[in-house]
Amino acid sequence: MKKRVLVSGGAGYIGSHVTVELIQAGFDVVVADNLSNCDLTCFEGVKKITGRDDIPFEKIDCCDYESVNRLFSEFRIDAVIHFAAFKAVGESVAEPLKYYRNNLLSFLNILEASRLHGGCNVLFSSSATVYGETDKLPVTEESPRQPATSPYGNTKQMCEDILSDTVKATAAYGSEVMAGLDKTGPVKGIALRYFNPIGAHPSALIGELPRGVPNNLVPYITQTAIGKRECLSIFGNDYPTPDGTCLRDYIDVVDLAKAHVAAVSRMVENKMEDSYEIFNVGTGRPVSVLELVNTFERVNNLRLNYRFAPRREGDITAIWADPTRAEKVLGWKAQRTIEETLASAWAWEKHLAGK
Ligand code: UFG
């Protein structure tokens, strides 16, 4: 029987790419999304790419326990991938309660329902932000987490801890000792720590759809190239890096989506060595902001209007992944080149503009 995955936040940027890869890998998927930060554009794209018109879509808010509980009653769910969360660092500083309420409550509800419906495998969408600023690069999963510098980052750390504590506490469920508790079951967990996801599906039918002015680099680049923004500001060219701009590990969103398929497969096939595991999802290659901009220009054969601007508050100088564990344990490795990824980001922007 096909395994079924609940993808919360499945209509969003990463969620839609993951839904495609799951379906193509033979999973059934239920998408849950409250559409608070996206519309149905990407979900429609997912249906086109997969040729599947029957993917269940549930417009629910995971902060409402009864809705989550109903989903778990209606569908037999073998794994949950939890994306449903707010993600703008700056906004989280201005509106911390909004971030804590939404990001924590939705995850608590997913875990509660998982535990009470016979147990479940839960994949949490975490971030390299948990590592903060460090001199020891690249970072491995053992690198210490630093105190979070924003409420957003704090919710990622807290959700990792909530998952790990829940896994520990529910480990005995379903065993003889706890047999009286009938429908409760163990939760197993994986946290994937994403570096900087960028790019779009090669079909150009799904991609990133930022609302308002983009916070992140690549959508700002593509919107500048298409003429929606006048000029890209490169925040800081006086960092202690080879060209003075920040270094990041840009991971292609389709590669990232495939890491989810590998992780979910490991969970549903009962191959986990520990009931809670963490993996970095990155390429292992640092790329500077300027390098990324220049590569975008070269690959897409255009000139981008950009200028150097002061540093952005809160930015760290450099971070990139040691992705060895994901390769060894999950058998996953980033495949697409930065050139392919930046071409896909541009193709998506042009698709949005109807060009
Ligand atoms: N940048 C610019 N100009 C822009 C936007 C970004 O120069 O208009 C630079 C940033 O200064 C940074 C790099 O591009 O050096 C990447 O910036 P992004 O905003 O795209 O990504 P971040 O590395 O800041 O953010 C990522 C994740 C967040 C996470 C954060 C933690 O997107 O979810 O890392 O550091 F919280």
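About the cut-offs
Residues numbered from 1 in each chain as written. Predicted model: local features only at pLDDT ≥ 70, side-chain atom pairs only at ≥ 80, totals over all residues. Heavy atoms only, no water. Helix = DSSP H or I, 4+ residues; strand = E, 2+ residues; numbered from the N terminus. Rg over C-alpha atoms; globule rule 2.2 N^0.38 Å. Buried < 20%, exposed > 50% of the residue type's maximum accessible area, 1.4 Å probe, protein only. Contact = heavy atoms within 4.5 Å. Areas by Shrake-Rupley, 256 points an atom, 1.4 Å probe, with all protein chains shown as cover. Lys, Arg positive; Asp, Glu negative; His and termini not counted. Charge placed at Lys NZ, Arg CZ, Asp CG, Glu CD. Pairing = 2+ DSSP bridges. Axes fitted to C-alpha atoms, helices over the stretch in contact; angles between N-to-C directions. Parallel < 35°, antiparallel > 145°, perpendicular 65-115°, else oblique. Left-handed = near helix turned anticlockwise from the far one by under 90°. Nonpolar A, V, L, I, M, F, W, Y, C, P; charged D, E, K, R; others polar. Core = buried A, V, L, I, M, F, W, Y, C linked by side-chain atoms within 4.5 Å. Near = heavy atom within 4 Å. Polar contact = N/O pair within 3.5 Å; in protein donor to acceptor, adjacent residues only side chain to side chain. Expected span 1.5 Å × (residues − 1).

1. Describing the overall build of the protein
Along the protein, the regular secondary structure elements total 11 helices and 13 strands. Against the globule reference of 20 Å for 355 residues, the protein gives a C-alpha radius of gyration of 20 Å, in line with a compact fold. Along the three orthogonal principal directions, the C-alpha set of the protein runs to about 65 × 45 × 40 Å. Each of the 355 residues in the protein was classed as buried or not, and the buried ones make up 56%. Counting only contacts in the protein whose residues sit at least 6 apart along the sequence, the fraction spanning at least 24 positions is 80%. For the protein, the exposed area adds up to about 15600 Å²; of that, 49% sits on carbon and sulfur atoms. Positive and negative side-chain charges of the protein, numbering 39 and 45 respectively, have mean locations separated by a distance of 3 Å.

2. What to know about the pairing of strand 5 (residues 120-127)
Residues in a regular strand point their side chains to alternate faces of the sheet. Among the 8 residues in strand 5, 8 count as buried, and that is most of the element. Here 4 bridges tie strand 4 (residues 79-82) to strand 5, and the two strands are oriented parallel to one another. The residue of strand 5 that forms the bridge with His 82 is Phe 124. Summarising the sheet, strand 5 and strand 6 (residues 187-194) pair through 8 bridges and their orientation is parallel. Following the sheet pairing, Leu 123 is matched in strand 6 by Ile 190.

3. Some details on the side chain of Ser 288
Summarising the element assignment, Ser 288 is placed in strand 12 (residues 287-288). With a relative accessible area of 2%, Ser 288 lands in the buried category. Apart from residues no more than four positions distant in its own chain, Ser 288 is found in contact with Asp 243, Thr 245, Cys 246 and Leu 247.

4. Some thoughts on the packing of helix 7 (residues 217-226) against helix 9 (residues 289-300)
With their axes 11 Å apart at the nearest point, helix 7 and helix 9 run at an angle of 40° to one another. Judged on the interaxial angle alone, helix 9 and helix 7 are oblique. The two elements helix 7 and helix 9 cross, and the hand of that crossing is right-handed. Every residue of helix 9 that contacts helix 7 at Leu 217, Val 218, Ile 221, Thr 222 and Ala 225 is listed here: Val 289, Leu 292, Val 293 and Phe 296. Looking at the contact of helix 7 with helix 9, its residues break down into 8 nonpolar, 1 polar and no charged.

5. Thoughts on the nonpolar core
Soluble globular proteins tend to pack their nonpolar side chains together in the buried interior. By size, the foremost hydrophobic cluster in this structure holds 44 residues, and its most contacted members are Leu 22 and Val 264. It is helix 8 (residues 253-268) that contributes the most residues to this core, 11 residues altogether. Not counting chain neighbours up to four residues away, the residues in contact with Val 264 comprise Val 5, Phe 27, Ala 79, Ile 81 and Leu 123. Core analysis: the second largest hydrophobic core is formed by 22 residues, Ile 198, Val 287, Leu 304 and Ala 345 among them.

6. Considering the site of the ligand
In the vicinity of the ligand lie 18 residues, with Leu 217, Ser 233, Arg 248, Arg 312 and Asp 315 positioned nearest. The backbone of Leu 217 places a nitrogen or oxygen atom 2.9 Å from an oxygen atom of the ligand. A distance of 2.9 Å separates an oxygen atom of the ligand from a polar backbone atom of Phe 235. Burial of the ligand by the protein chains amounts to 87% of its free accessible area of 680 Å². Mapped onto the shell around the ligand, the elements with two or more residues apiece are helix 7 and strand 8 (232-235). A breakdown of the residues in the shell around the ligand according to their chemical character gives 10 nonpolar, 5 polar and 3 charged.

7. Digging into helix 11 (residues 338-352)
Between its first and last C-alpha, helix 11 extends 21 Å over 15 residues, near the 21 Å set by a 1.5 Å rise per residue. Along helix 11, the positions that sit buried rather than exposed are Ile 338, Thr 341, Leu 342, Ser 344, Ala 345, Trp 346, Trp 348 and Glu 349. Where helix 11 is buried, its residues meet helix 2 (41-50), strand 7 (196-198), helix 7, strand 10 (250-252) and helix 9. Following helix 11 by one or two positions, Gly 354 has its phi on the positive side, about 75°.

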